[in-house]
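# Overview (structure and organization)
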Amino acid sequence: MAKDPATPGRLKQIRMVAQFVKQANPKGMPIVYGSALGTLAVFVVLGVLFGWTWYVFGVLAAILVGLIVFSRLAQRAQFSMLHGQPGATYAILQGMRGNWYVEEKPVAVNREQDLVFRVVGHPGVILVSEGPSNRVQRMLVAEKKRVQRVAIDVPVYDIQCGDGEGQVPLAKLQRHLMKLPRNLKKPVVSEVNNRMRALTPAMPMPKGPMPKNVRMPRGPKGPR
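Scope of this entry: the structure provided in the associated data block. (Residues numbered from 1 in each chain as written. Predicted model: local features only at pLDDT ≥ 70, side-chain atom pairs only at ≥ 80, totals over all residues. Heavy atoms only, no water.)

### Here's the deal with the pattern of salt bridges
Under the definition given, this model contains five salt bridges. We note a salt bridge from Arg-135 to Asp-114, for which the minimum N-O separation is 2.6 Å. In this pair, Arg-135 is assigned in helix 5 (residues 133-148) and Asp-114 in the loop between strand 2 (108-109) and strand 3 (115-121), connecting sequence segments 21 residues apart. Judged by its relative accessible area of 33%, Arg-135 is partly exposed. By relative accessible area, which is 3% here, Asp-114 ends up buried. Glu-143 is the partner of Arg-146 in a salt bridge, and the nearest nitrogen-oxygen pair spans 2.9 Å. Of this pair, Arg-146 and Glu-143 both sit in helix 5, three residues apart, roughly one helical turn. On the basis of relative accessibility, which here comes to 5%, the residue Glu-143 falls in the buried class. (Salt bridge = Lys/Arg side-chain N within 4 Å of Asp/Glu carboxyl O. Helix = DSSP H or I, 4+ residues; strand = E, 2+ residues; numbered from the N terminus. Buried < 20%, exposed > 50% of the residue type's maximum accessible area, 1.4 Å probe, protein only.)

Right, here's the structure in full:
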């Protein structure tokens, strides 16, 4: 498959993210470099004491630690950028790994441009709101009743994303969903999603730009 010329290369992407981290936190990149060099220094000492093979391990460990720190700082920078923007919840939801189906358009919108998004995954159907609790609660209740009429015997969860009391902060939303029980097997998840898509009405989009194609930076995979 030919490479899309509009798609930046891997090194260019890393440089772009590094600039983004630097703008969000001027100390971010020095922290990345410091963590990598500090790790390397520890292994250099071990190499002096126990043999040259520790130098090799030190280089690999320094790169790994630097990537992990860089990834976490990039995530924090992205949360800072998205916070308070209409559709920030969707931008976080669409970056989830695994068998998750996120409806592209909000399934409910009110006059204040509060939103409700729908996700289908192993837990069942999850409704995630964006906005103050006193305004989104009625929307969640109405949408939950509508979904339950179609999603028979399928668990339906409602989650409020926000900074208010009892709400899930944007930075913890993915982790919160991942902790939900795995009630459905993969074939059932796909079947439930098809039923939900047939239910979706044409909703007006909120004012202002919706964050699109925003992916959470992924750190290196750990050992399996």
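### Quick look at the nonpolar core
Formed by 19 residues in total, the largest nonpolar core has its most connected members in Leu-93, Ile-126, Ile-159, Leu-173 and Leu-177. Sorting the residues of this core by element identifies helix 4 (88-93), strand 3, strand 4 (124-130), strand 5 (156-161) and helix 6 (173-178) as the ones contributing at least two each. Residue contributions to this core peak at four residues, all from helix 4. When near neighbours in sequence (up to four residues on either side) are disregarded, Leu-93 contacts Val-102, Phe-117, Val-119, Val-128, Leu-173 and Leu-177. (Core = buried A, V, L, I, M, F, W, Y, C linked by side-chain atoms within 4.5 Å. Contact = heavy atoms within 4.5 Å.)

### Some thoughts on the packing of aromatic side chains
Geometrically, a pair of aromatic rings is defined through the distance of the ring centres and the angle of the planes. Evaluated as defined, the whole model comprises four aromatic pairs. Considering the side-chain rings of Phe-43 and Trp-54, the 6.0 Å spacing of their centres and the 35° angle between planes classify their relative orientation as tilted. With Phe-43 in helix 2 (residues 28-50) and Trp-54 in helix 3 (residues 53-82), this pair connects stretches of sequence that are eleven residues apart. Taken together, the ring pairs in this structure connect Phe-43, Phe-50, Trp-54 and Phe-57 into an aromatic cluster. (Phe/Tyr/Trp six-rings, centres within 6.5 Å; stacked < 30°, edge-to-face > 60°.)

### Overview of unusual backbone geometry
The general pattern is negative phi for most residues beyond glycine and trans for most peptide bonds. For Gln-113, which is not glycine, the phi torsion reads 70° and is therefore positive. Here Gln-113 shows up in the loop between strand 2 and strand 3.

### So, the pairing of strand 3
Burial analysis of strand 3 places seven of its seven residues in the buried class, which makes it a mostly covered element. Residues of strand 3 alternate between two faces, with Leu-115, Phe-117, Val-119 and Gly-121 on one and Val-116, Arg-118 and Val-120 on the opposite face, all of them buried. Sheet topology places strand 1 (residues 101-102) next to strand 3; two bridges connect them, and they run antiparallel. Of the residues in strand 3, the one forming a bridge with Val-102 is Val-119. Bridge analysis of strand 2 against strand 3 gives two bridges, and the strand direction is antiparallel. Looking across to strand 3, one finds that Ala-108 is bridged to Val-116. Linking two consecutive strands that pair antiparallel, namely strand 2 and strand 3, is a turn of five residues; a positive phi of about 70° is found at Gln-113 within it. Pairing analysis gives seven bridges linking strand 3 to strand 4, with the strands arranged antiparallel. Paired with Phe-117 across the two strands is Val-128, which belongs to strand 4. (Pairing = 2+ DSSP bridges.)

Fair warning: the whole summary comes from geometry, so function is off the table for now.
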